[in-house]
Each structure stands twice: as structure tokens, then as C-alpha cells.
Amino acid sequence: MSGNLRGGALMAVAAVIFAAEALAIRLMTARGIPVEMQVFARSLGQLFWVAPLIARSGLAVFRTTRPGLHLLRGASSLLTWGLYYASFGPLDLATATVLSFTNVMFTTLLAGPVLGERVDRWRWAGTIAGFVGVAVMLRPGTTVSTLGVALALASAVTWCGITLSSRVLAQQDRNATIMAWVGLVTSAGSAPFAVMAWVPLGVFDCAVLMAVACIAPGIIWLITSAYRFGEASAIAPFQYLRLIFVTGFGWLFFQEVPDGWTWAGAVVILTGALIVTLAEARRSISQKSPEGPGN
């Protein structure tokens, strides 16, 4: 397989796992499992993935000169997971997933003032299109939950904290260090809330929680590997395949079928997200090029 085909395949698998995670969240929420317990399980899963590294190198895996930024990165993950998981209660699977794509628009808005990046016209165009799509979905008379939309958009905003802090941390720290700090901060931060919200669980519920905890952190590994093998501009669009799988799961398991206006807004949001993603990919390539502005 060529690099782009291999990268695209890995990104597609990540999209499937993303969709499966959304289905599990929706199922757990419907079964009365509190979001706090879901987030705690997800946090422990993050630690599980780096446990072999911790066992091999000890506390050295946490060594960094930027502990404050790691705390911010972990807190951003905790808030993002909590808000994202909570949005699947009042929203159908497809709508919650589409709104999560607005994180690329919010990242564009913050990349300039926070990181000093130059935002070109294509990224601005995609960002404006994305917010127009949100307005279409929230038209007067809509049946889409306002609370659910607020949770999903808040999750997209906090997702920016993950993206922007990761860009800075990746310049100095290893992926293992970043993941270890995320697991530590999110587990410590979510544990008290999970204890307060605790409810008895059956065997099936425990199995679903464990599956999400063990599999979901693999999404990061798949996406990182995808970008290692393929060109960003070629493989980045594959991440949006998850909407197809999520929509299918929603129809198959919960008989959820978004109305025409919701789909119209979704198309505009996806178009904007795709424009921003491709513009970002071109920017990254130009920075790595010997003739690019990054060298």
C-alpha cells in the first residue's frame, strides 16, 4: 500500500472507532449510566494505554519543563470529554457528531491570537461557513435541543485547548509524556465526580464501560500513525467518514433520522470543516517544505 492509502485506511479505522464510541456513549446514557462515570472510565483507559511505559521508565515518563501546560492540556481533555459525552443525551447521534466538527472553526479563531499563526482566507471562509451551518440547524422553530447544542459547542470550544496546547507541547515533549499527563490529570479530576454520581452497574454496563476505556484511546494512536504514513491533505478528509457510521448507528439502534433542515446545516458545517482542514494541511506542508515559511 502507498503511504496515502495506508494513512487513509488508518484514518478510516479511527473514524469507525469514533462512531462506535459515540454509539456506546448514547447507549450508556440511555441506560442511566452517569456521564461522570463514563468520563472516569475513559480517563482510566488513557492511563491503561501508557501503563507499560510507566512500568518501564517509572516517573521519568512524566518529566517535563512545562507542567502547567500539561495541566491545561489535561483539564481541556476532561472538560471536552464531559461536555461531549453529555451532548449525546439531548441530541441525536448525527447532530451531536456534526456539531463536534466545529472545533476546527474555533481553533482557527484562536490560532491567531494564541499562537500567532496567520489565518488565510480559506480558513476564514471555512470558519464562516461552519457557523452559518450552525445557524441553519438552529433556525426558528427547530426541534433541536438548545441545551444539547450548547453542550456540543462548548465541547468544541474546549477541544481548542487540546489542539492548541498539543501543538506547543509536541515541539518538546514525547507523545508518551503527553498521554501520561492526560491520563493522570483526567483520572484525578474525574474521580471525585464519579464517586458522587456512582450507581450500581450490571455485567453488560461494565463491559461497555471497559470497552470504551480500552479502545477509545487508540483513536489518538491511529490518527498519529495515519499522519506519519500519508500526506495530511490526502488523509485528513477521511476523519469525516465517522458521520456516515454514526448516522447509520443512530438509525439502526435508536431510529434517529434528522430532518431536512438539520441535514442542510450539517452539509454546510461539514463543507466548512473540510475547507479549514485542507487549508490547515496545506499550511503544515508549506511549513515543512524547504521553501516554506516555516524554515
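Coordinates for the structure precede this section.
What you see is a predicted model; the values in this text were computed from it and never measured.

Student: Looking at this model, I keep getting lost on the overall build of the protein. Mind explaining?
Tutor: In terms of helices and strands, the protein carries 13 helices and zero strands. When the helices and strands of the protein are read in sequence order from the N terminus, they spell out α-α-α-α-α-α-α-α-α-α-α-α-α. The principal-axis extents of the C-alpha atoms in the protein amount to approximately 60 × 55 × 40 Å. Of all 295 residues assigned to the protein, the portion counted as buried reaches 47%. Counted over contacts in the protein with a minimum sequence separation of 6, partners at least 24 positions apart contribute 88%. When the accessible surface of the protein is summed, it comes to about 13,900 Å², and 71% of that surface belongs to carbon and sulfur atoms. Of note, the protein has its 19 positive side-chain charges centred 7 Å away from the centre of its 12 negative side-chain charges.

Student: Before we go on, may I ask you to explain the environment of Gly74 in this structure?
Tutor: Looking at the element boundaries, Gly74 is found in helix α3 (residues 67–87). Given the relative accessible area of 0%, Gly74 is considered buried. Remark: the alpha-carbon pair of Gly74 and Ile128, spanning 54 residues in sequence, is separated by 29 Å. Dropping the residues within four chain positions of it, Gly74 is found in contact with Val182, Val185 and Thr186.

Student: Can you help me understand the packing of aromatic side chains in this one?
Tutor: Note on aromatic pairs: each is described by the distance of the centres and the angle between the planes. Using the criterion set out here, one finds six aromatic pairs in the structure. Ring centres of Phe62 and Trp181 lie 6.1 Å apart, and the angle between their planes is 80°; this geometry places the pair in the edge-to-face category. Of this pair, Phe62 sits in the loop between α2 (35–57) and α3 while Trp181 sits in helix α8 (residues 175–196), and the two are 119 residues apart along the sequence. Trp181 shares its class with Phe62; the two are buried. Ring pairing ties together the aromatic residues Tyr84, Tyr85 and Phe88, which thus form one cluster. Here the basic side chain of Arg42 rests over the ring of Trp81, its NZ or CZ set 4.2 Å away from the ring centre.

Student: Even after reading the chapter, I still don't get the environment of Ala216, so can you show me in this structure?
Tutor: Along the chain, Ala216 falls in the loop between α9 (203–215) and α10 (218–229). Overall, the relative accessible area of 2% leaves Ala216 in the buried class. Along the backbone, Ala216 and Arg228 are 12 residues apart, and their C-alpha atoms lie at a distance of 20 Å. Beyond its immediate stretch of four places on either side in the chain, Ala216 contacts Glu21, Arg42 and Ala211.

Student: Explain the pattern of salt bridges to me, please; I cannot follow it from the model alone.
Tutor: It is possible for side chains of opposite charge to pair when their charged atoms get near one another. In total, this model carries three salt bridges according to the counting rule given. Of the charged contacts in the structure, one is a salt bridge between Arg26 and Glu256, with a shortest N-O distance of 2.6 Å. With Arg26 in helix α1 (residues 3–30) and Glu256 in the loop between α12 (242–254) and α13 (260–288), this residue pair connects regions lying 230 residues apart in the sequence. The exposure class of Arg26 is buried, given its relative accessible area of 15%. For Arg31, the salt bridge identified is with Asp205, shortest N-O distance 2.5 Å.

Student: Explain empty space enclosed by the protein here, please?
Tutor: One simple way to see leftover space: roll a probe sized like a water molecule over the atoms. In this structure the tally under the stated criterion is one cavity of 30 Å³ or more. Taken as a whole, the largest cavity spans an internal volume of roughly 30 Å³. In terms of lining, the largest cavity is formed by Ala94, Thr95, Val98, Leu243, Pro258, Thr262, Trp263 and Ala266. When contributions to the lining of the largest cavity are tallied by element, the ones reaching two or more residues are α4 (93–100) and α13.

Student: What should I look at first to understand the layout of surface pockets in this one?
Tutor: By volume, the second largest pocket is sized at about 220 Å³. Around the second largest pocket sit 14 residues that line it, and Phe40, Ala41, Leu44, Leu209 and Met210 are the ones nearest its centre. Mapped by element, the contributors of at least two residues to the lining of the second largest pocket are α2 and α9. Per element, the largest residue contribution to the lining of the second largest pocket is six residues, and it comes from α2. Class assignment for the residues of the lining of the second largest pocket results in 13 nonpolar, one polar and no charged.

Cut-offs and rules
The written sequence of each chain sets the order in which its residues are numbered from 1. Only residues with pLDDT of at least 70 are given local features in this predicted model, and only at 80 or more are side-chain atom pairs given and counted; all residues enter the totals for whole chains, interfaces and linings. Water and hydrogen atoms were dropped before computing side-chain values, which therefore reflect all heavy atoms in the structure. Numbered from the N terminus, helices here are DSSP runs of H or I no shorter than four residues, and strands are runs of E no shorter than two. Burial status follows relative accessibility: with a 1.4 Å probe on protein chains alone, a residue under 20% of its type maximum counts as buried, one over 50% as exposed, and anything between as partly exposed. Contacts are assigned to residue pairs with any non-hydrogen atoms lying within 4.5 Å of each other. Residue-level accessible areas treat just the shown protein chains as cover; the underlying method is Shrake-Rupley with a 1.4 Å probe. In this charge count, Lys and Arg are treated as positive and Asp and Glu as negative; neither His nor the chain ends contribute. We put the charge of a Lys on NZ, of an Arg on CZ, of an Asp on CG and of a Glu on CD. The pairing test for Phe, Tyr and Trp rings, Trp by its six-membered ring, is centres within 6.5 Å, and the orientation test on the planes gives stacked under 30 degrees, edge-to-face over 60, and tilted for anything in between. Lysine NZ or arginine CZ positioned within 6 Å of the ring centre and within 35 degrees of the ring normal marks a charge as sitting over the ring. Every case where a carboxyl oxygen of Asp or Glu lies within 4 Å of a side-chain nitrogen of Lys or Arg is listed as a salt bridge. Throughout, the protein atoms alone are placed on a 1 Å grid, and a set of points is a cavity if a 1.4 Å probe fits but cannot get out or a pocket if it is open with protein on both sides within 12 Å along at least five of seven lines; lining residues have an atom within 4 Å of a point. Grid points are joined across faces, edges and corners, and a volume is the space filled by probe spheres set on the points. Three categories are distinguished: nonpolar for Ala, Val, Leu, Ile, Met, Phe, Trp, Tyr, Cys and Pro, charged for Asp, Glu, Lys and Arg, and polar for the others, with Gly belonging to the last.

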